[in-house]
Amino acid sequence: MKNYLLTQFDLHQRLYNNVLDGFTDAETNRRPYGDENINYVKYMAGHILNSQYGLASVAGLDVDIKWNDLFAVMGRSQARDDFPYPGIEEIKAEWNRLYEPVREGLGNLSPDELQHTPAEPFDQVADSNGELWAFINHHIAYHIGQIGILRRGFGKEPMSYE
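Residues numbered from 1 in each chain as written. Predicted model: local features only at pLDDT ≥ 70, side-chain atom pairs only at ≥ 80, totals over all residues. Heavy atoms only, no water.

Visitor: Any chance you could explain helix H3 (residues 41-58) here in plain terms?
Guide: At 3.6 residues per turn, the α-helix brings residues three or four places apart onto the same side. With 18 residues, H3 extends 26 Å from end C-alpha to end C-alpha; this agrees with the ideal 26 Å at 1.5 Å per step. For H3, a buried count of 17 out of 18 residues is recorded, marking the element as mostly surrounded by other parts of the structure. Gly 60, located one to two residues past H3, shows a positive phi value of around 85 degrees. (Helix = DSSP H or I, 4+ residues; strand = E, 2+ residues; numbered from the N terminus. Expected span 1.5 Å × (residues − 1). Buried < 20%, exposed > 50% of the residue type's maximum accessible area, 1.4 Å probe, protein only.)

This is the structure:
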């Protein structure tokens, strides 16, 4: 099971960077189509980053969670209009900084550690760390897909899979 989860984790690393490729910071601060019910690209990128911190927790890492108040998971934050969010390149840099240590930590998890009950609040969505990891992988893929659709709304080429 762990190898499949790591394969997804690696795929998300590539797709996260690819789906955000070519966006200007200004574009990531605009709601596409002028629809206030659609989240900003930047908000979703930060929200996915926040999920990566959840994986860091599963991996046993003690990391400083940047911008938690802006991008918290489990409905604890929402996109805000006219708000001075960090730059998209800063968000991407934090995602990329986390990749290697989180991957190493996840790769070192034992089968027993994957069966442990996740910490709060993650125990609300999964009974084990392995289930939580699968849930977060799905969550990240879901939002990468949303950003992929928004790329087209901004007149950009489809996301590269390479």
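Alright, that's what it looks like, and here's the rest.
Visitor: Would you explain the packing of helix H1 (residues 2-20) against helix H5 (residues 88-107) in this entry?
Guide: The description of two packed helices rests on the angle between their axes and on the distance between the axes. At a closest axis distance of 11 Å, the pairing of H1 and H5 adopts a crossing angle of 170 degrees. Between H1 and H5, the angle is such that the two are roughly antiparallel. Both H1 and H5 take part in a crossing whose hand is left-handed. In this structure, H1 uses Lys 2, Leu 6, Phe 9, Asp 10, His 12, Gln 13, Tyr 16, Asn 17 and Leu 20 to contact H5, whose residues at the interface are Ile 88, Ile 91, Lys 92, Trp 95, Asn 96, Tyr 99, Val 102, Arg 103, Leu 106 and Gly 107. (Axes fitted to C-alpha atoms, helices over the stretch in contact; angles between N-to-C directions. Parallel < 35°, antiparallel > 145°, perpendicular 65-115°, else oblique. Left-handed = near helix turned anticlockwise from the far one by under 90°. Contact = heavy atoms within 4.5 Å.)

Visitor: Teacher, can you tell me more about unusual backbone geometry here?
Guide: A negative phi holds for most residues other than glycine; trans holds for most peptide bonds. Going from Glu 120 to Pro 121, the amide bond is cis rather than trans, its omega being -5 degrees. Along the chain, Pro 121 falls in the loop between helix H6 (111-115) and helix H7 (129-153). Phi at Trp 67 takes a positive value of approximately 60 degrees, unusual for a residue other than glycine. Examined against the element boundaries, Trp 67 turns out to sit in the loop between H3 and helix H4 (68-71). For Trp 67, a relative accessible area of 17% puts it in the buried group.

Visitor: I'm lost on the nonpolar core in this one. Help?
Guide: Among soluble globular proteins, nonpolar side chains are generally buried collectively. Core analysis: the largest hydrophobic core is formed by 44 residues, its most contacted members being Tyr 16, Leu 106 and Trp 133. Take this core: its biggest share by element is ten residues, from H3. With residues up to four places along the chain from it excluded, the contact list for Trp 133 reads Lys 2, Leu 5, Leu 6, Phe 9, Leu 55, Leu 106, Leu 109 and Leu 114. (Core = buried A, V, L, I, M, F, W, Y, C linked by side-chain atoms within 4.5 Å.)

Visitor: Would you take a moment to explain the pattern of salt bridges for this structure?
Guide: For side chains bearing opposite charge, pairing can occur when the charged atoms are close. Overall, the coordinates contain six salt bridges when judged by the stated rule. Close ionic contact of Lys 42 with Asp 25 constitutes a salt bridge, the shortest N to O distance being 2.9 Å. Of this pair, Lys 42 sits in helix H3 while Asp 25 is found in helix H2 (residues 25-28), placing the two residues 17 residues apart along the sequence. Take Asp 25: its relative accessible area is 33%, and that puts it in the partly exposed class. Of the charged contacts in the structure, one is a salt bridge between Glu 89 and Lys 92, with a shortest N-O distance of 3.5 Å. Here Glu 89 pairs with Lys 92, and both are found in helix H5, just three residues apart, close to one helical turn. Taking the relative accessible area as the measure of exposure, Lys 92 reaches 10% and is therefore buried. (Salt bridge = Lys/Arg side-chain N within 4 Å of Asp/Glu carboxyl O.)

Visitor: Could you clarify how one ought to interpret H7 in this entry?
Guide: Taking 1.5 Å per residue as the helical rise, H7 with its 25 residues ought to reach 36 Å, and the 36 Å between its terminal C-alpha atoms agrees with that figure. Phi for Gly 155, located one or two positions after H7, is positive at around 80 degrees.

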